[in-house]
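Chain residues, written in single-letter form:
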Amino acid sequence: MSTRIPWVSISGISGRNIVPGLGKALLGVTFTDNEGEESDTLTIRVAYSPGAISVPERGKTYTFAAGWRDGIGSLVGGTLSGIFAVETLRFSGDPNEGDTMEVVCRAADFIDKMKQAETRHYDTENGFGTFGKILEKLAADAGVSAAVDPQLASIEMPYRLRHNQSAIDFAADLADEVGAVIKPQAGRLVVRPRG
């Protein structure tokens, strides 16, 4: 049985991994893969010392990747990844434990573009006769691609009306109808069967 060693990479705009530079100041990293259309979160917890650790500005983006390596350094299995924007900073501490800073980031996805309410219709005559075609159009309007499970993509939907509804809510309603889950992930709208 080989040894599995966790690895984490958090890169700023420069592409340089900040984890080695933080060294022992890095107290932990928590990645939460939220279900459905709720954005994933990334929390970076560091021992804070003014001047020694820079405080990131709100909106700053980080690219996150994590996974497992075997004892000789080769990747084992898949990796988790995404682009995250700083949303909140939390500072705490006490005389015995020292000061800590938590950098709470939210997936820097396109979900905000999909929250605008509109009225549109999707029908076969205009090339939207399937669940997959409708979801591809919703994603394209947000500037991203859709990764739709092939079995779900082929489900026929001859006509659907989106009346004064956001794209993400409309997509969630359609997904519920066909037994699917939608999720903004890694710059795509991912659609897979529920469960």
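Summary of the structure given here. The residue count restarts for each chain, going from 1 along the sequence in the order it is written. Totals for whole chains, interfaces and linings use all residues, but because this is a predicted model, local features are given only for residues with pLDDT of at least 70 and pairs of side-chain atoms are given and counted only at 80 or more. The side-chain values count all of the structure's non-hydrogen atoms but skip hydrogen atoms and water molecules.

## Some points on unusual backbone geometry
Positive phi is not limited to glycine here, since Asn-164 has a value of about 45°. Only DSSP runs of H or I with at least four residues qualify as helices, and only runs of E with at least two residues qualify as strands; both kinds are numbered from the N terminus onward. Here Asn-164 is to be found in strand E9 (residues 159–166). A relative accessible area of 55% places Asn-164 in the exposed class. The rule is simple: take the accessible area with a 1.4 Å probe, protein chains only, and divide by the maximum for that residue type; under 20% is buried, over 50% is exposed, in between is partly exposed.

## As for the pattern of salt bridges
The term salt bridge refers to a pairing of a side-chain nitrogen on Lys or Arg with a carboxyl oxygen on Asp or Glu at a separation within 4 Å. A full pass over the atoms with the stated rule returns six salt bridges. One salt bridge in this structure joins Asp-141 and Arg-120, with 2.6 Å as the shortest N-O distance. Pair noted here: Asp-141 is in helix H2 (residues 131–141) and Arg-120 is in strand E7 (residues 117–123), with a separation of 21 residues, a long-range link. Residue class for Asp-141 comes out partly exposed when judged on its relative accessible area of 40%. A salt bridge links Asp-141 to Lys-137; the nearest nitrogen and oxygen atoms lie 3.0 Å apart. With Asp-141 and Lys-137 both in helix H2, this residue pair falls four residues apart, about one helical turn. Taken together, the shared-partner salt bridges connect Glu-118, Arg-120, Lys-137 and Asp-141 into one network.

## Some remarks on the packing of aromatic side chains
Think of it this way: a Phe, Tyr or Trp ring, Trp meaning its six-membered ring, pairs with another when their centres are within 6.5 Å, and the plane angle makes it stacked under 30 degrees, edge-to-face over 60, tilted otherwise. In total, this model carries six aromatic pairs according to the counting rule given. Pairing Phe-31 with Phe-84 gives two aromatic rings, centres 5.9 Å apart and planes at 90°, and the pair type is edge-to-face. With Phe-31 in strand E2 (residues 26–32) and Phe-84 in strand E5 (residues 75–94), this residue pair connects regions lying 53 residues apart in the sequence. Measuring from ring centre to ring centre gives 5.4 Å for Tyr-122 and Phe-128, while their planes differ by 80°; the resulting arrangement is edge-to-face. Among the residues examined, Tyr-122 registers a relative accessible area of 1% and is labelled buried. A connected cluster of aromatic rings, assembled from ring pairs, spans Phe-31, Phe-64 and Phe-84.

## Things to note about a nonpolar patch on the surface
Distance thresholds for patches are 9 Å for like charges and 5 Å for nonpolar side chains (Val, Leu, Ile, Met, Phe, Trp, Tyr), applied to residues having over 30% relative accessible area and no salt bridge. Accessible surface is estimated by sampling points in the Shrake-Rupley manner with a 1.4 Å probe; for residues, cover comes only from the protein chains shown. A cluster of nonpolar side chains, namely Val-55, Leu-89 and Phe-91, defines an oily patch on the protein surface of about 240 Å² accessible area. Topologically, Leu-89 is positioned in strand E5. Leu-89 gets classed as partly exposed once you look at its relative accessible area, which sits at 30%.

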